[in-house]
Amino acid sequence: MGNRVVREDFEWVYTDQPHADRRKEILAKYPEIKSLMGPDHRLKWIVCTMVAVQFLAFYLVKDLSWKWVLFWTYAFGSCINHSMTLAIHEISHNTAFGNIRAKWNRWFAIFANLPIGLPYSASFKRYHLDHHRYLGGDGVDVDIPTDFEGWFFCTRLRKLIWIMFQPLFYAVRPLYINPKPISHLEVMNTAIQLAFNALLYWFWGAKPLVYMMMGSLLGMGLHPISGHFIAEHYMFLKGHETYSYYGSLNLLTFNVGYHNEHHDFPSIPGRRLPMVKKIANEYYKDLPCYTSWVKVLYDFIMDDELSPYSRVKRRLTGDIKQE
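Basis of the calculations
- Residues numbered from 1 in each chain as written.
- Predicted model: local features only at pLDDT ≥ 70, side-chain atom pairs only at ≥ 80, totals over all residues.
- Heavy atoms only, no water.
- Helix = DSSP H or I, 4+ residues; strand = E, 2+ residues; numbered from the N terminus.
- Rg over C-alpha atoms; globule rule 2.2 N^0.38 Å.
- Buried < 20%, exposed > 50% of the residue type's maximum accessible area, 1.4 Å probe, protein only.
- Contact = heavy atoms within 4.5 Å.
- Lys, Arg positive; Asp, Glu negative; His and termini not counted.
- Charge placed at Lys NZ, Arg CZ, Asp CG, Glu CD.
- 1 Å grid on protein atoms, 1.4 Å probe; cavity = no way out; pocket = protein on both sides within 12 Å on 5 of 7 lines; lining within 4 Å.
- Points joined across faces, edges and corners; volume = space filled by probe spheres on them.
- Nonpolar A, V, L, I, M, F, W, Y, C, P; charged D, E, K, R; others polar.
- Core = buried A, V, L, I, M, F, W, Y, C linked by side-chain atoms within 4.5 Å.
- Polar contact = N/O pair within 3.5 Å; in protein donor to acceptor, adjacent residues only side chain to side chain.
- Phe/Tyr/Trp six-rings, centres within 6.5 Å; stacked < 30°, edge-to-face > 60°.
- Lys NZ or Arg CZ within 6 Å of the ring centre and 35° of its normal.

(A) Region of the structure containing the overall build of the chain. Scanning the chain for helices and strands turns up 15 helices and four strands. For 323 residues, the compact-globule estimate of 2.2 N^0.38 gives 20 Å, and the chain sits close to it at 20 Å. Dimensions of the chain, computed from C-alpha atoms along their principal axes, come out at roughly 55 × 50 × 40 Å. Residue burial in the chain is summarised as follows: out of 323 residues, 52% are buried. Sequence separation of at least 24 residues holds for 80% of the intrachain contacts in the chain that already meet a minimum separation of 6. Between the mean site of the 35 positive side-chain charges and the mean site of the 29 negative ones, the chain shows a separation of 6 Å.

Here it is in structure tokens:
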């Protein structure tokens with residue numbers, strides 16, 4: 001577990017990200033894909049159901065012994081909460097109510113944030129849209145690890161620890177790489193979330209609060225679903241910076257595994273991304289992909305050529321318009 005990773009820097013490239021050009025080619029050949037764009041009217045009902053399920057879980061765990069609280073936190077709560085973060089990812093692209101009701105999407109994301117416990121939906125949208133527009137952009141794309149992460153987490157044991165604490169690195173990284181002024185919506189997101197957490201503790205005690213907070217941290221750490229963090233953009237094969245996953249966990253994650261398709265067409269809801277692959281199959285069939293997020297996590301930890309440095313990075317030029 002002490003072997004050091006060979007890589008000592010990111011994979012710097014001097015080309016644009018591939019998704020814009022591929023999108024143009026696909027739309028020119030298959031203009032019917034435009035009909036897949038627009039809101040997914042099922043999404044808001046699915047999210048409301050998931051929030052209701054977690055509210056019911058809060059009530060049910062309040063009288064359990066601590067060992068069962070911890071068991072259900074990892075076995076169930078972590079799955080729901082990670083799935084909810086990916087629902088917020090969907091909503092950040094205005095797929096709940098459409099672009100004409102952009103504010104409705106933002107407030108709905110704050111509602112979806114409630115059972116997660118950590119106020120992040122408003123900040124996530126600001127940084128995630130930069131990730132799409134400036135994929136791999138130095139100093140802008142906060143999905144890219146810091147130099148410290150690449151330098152320090154360079155052995156198998158350290159990479160394991162890094163994966164376990166990924167939520168903390170994702171939370172702190174924007175403050176270091178690309179700090180932004182706090183917005184009004186971020187203040188509201190935080191105030192509403194803290195008020196909800198306090199009420200949850202007031203009415204049902206500490207166990208639902210632990211179930212909620214630990215579920216979020218565990219679900220985004222060493223967990224099968226968290227394999228998507230590594231699978232999406234870490235360079236397992238030189239020359240490829242985005243990878244899709246076509247396994248069964250897409251059913252729990254709003255098809256976030258269809259990640260090449262998502263970056264090519266971010267305005268298409270996850271439910272319709274398999275149709276993109278079906279229509280324009282020749283553009284995706286030969287791209288490297290995964291069928292197991294668990295194997296992705298295992299390979300990332302055990303392969304001494306992979307580390308947080310295994311990301312494509314580019315220096316941005318011209319006018320940079322951030323959210």
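(B) Fine view of the environment of F58. Here F58 lies in helix α2 (residues 43-61). On the basis of relative accessible area, F58 is assigned to the buried category, the value being 1%. The spacing of F58 and L200 is 142 residues in sequence and 8.3 Å in space, taken between C-alpha atoms. Once you skip the residues sitting within four places of it in the chain, F58 turns out to touch P115, F196, L200, W204, P208, Y211 and M212.

(C) Molecular detail of the layout of surface pockets. In this model, the largest pocket occupies a volume close to 1100 Å³. Elements that contribute at least two residues to the lining of the largest pocket include exactly α3 (66-92), α5 (121-133), α8 (166-177) and α11 (227-233). No other element matches the seven residues that α8 contributes to the lining of the largest pocket. Residue composition of the lining of the largest pocket, grouped by class: 19 nonpolar, ten polar and six charged. Taken as a whole, the second largest pocket encloses approximately 330 Å³ of empty space. Considering the residues around the second largest pocket, the lining is formed by 16 residues, among which T15, D16, Q17, R314 and L316 are closest to the centre. Residues belonging to the lining of the second largest pocket are distributed by class as follows: seven nonpolar, three polar and six charged.

(D) Seen up close, the nonpolar core. Counting residues in hydrophobic clusters, the biggest one holds 37 residues, and the most contacted among them are V47, M84, I91, W162, I230, W293 and F300. Elements supplying a minimum of two residues to this core: α2, α3, α4 (102-113), α7 (156-164), α11 and α15 (293-302). Discounting residues that sit within four places of it in the chain, I91 has contacts with L43, V47, A96, N105, F108, A109 and A112. By size, the runner-up hydrophobic cluster in this structure holds 14 residues, among which are L27, L36, F265 and V276.

(E) Spotlight on the side chain of T95. Position of T95 among the secondary structure elements: in the loop between α3 and α4. Those residues in contact with T95 that sit more than four places away from it in its chain are P39, D40, L43, E90, N105, S267 and P269.

(F) Expanded view of the side chain of R314. Relative to the elements of secondary structure, R314 occurs in the segment after β4 (312-313). Relative accessible area serves as the criterion here: at 6%, R314 is assigned to the buried category. Of note is the side chain of R314, whose polar atom sits 2.8 Å from the backbone oxygen of L135. Residue contacts for R314: discarding those within four places in its chain leaves W12, V13, T15, D16, Q17, L135, G136, G137, D138 and E241.

(G) How the structure looks around the packing of aromatic side chains. Inspection of every chain in the model, using the stated rule, returns 26 aromatic pairs. Between F58 and F196 the ring centres are 6.4 Å apart and the planes differ by 50 degrees, which places this aromatic pair in the tilted class. Placement of F58 in helix α2 and of F196 in helix α9 (residues 184-204) is noted, with a sequence separation of 138 residues between them. Centre to centre, the rings of Y170 and F229 are 5.1 Å apart; their planes meet at 35 degrees, and the pair counts as tilted. One end of the pair, Y170, is in helix α8; the other, F229, is in helix α11, and 59 residues separate them in sequence. For Y170, a relative accessible area of 22% gives the class partly exposed. One aromatic cluster is present, built from ring pairs that chain together F148, W151, F152, F153 and F169. One cation-aromatic arrangement involves R158 over F152; the distance from NZ or CZ to the ring centre is 4.3 Å. For K277, the ring lying beneath its charged end belongs to Y246, and the centroid distance is 4.8 Å.

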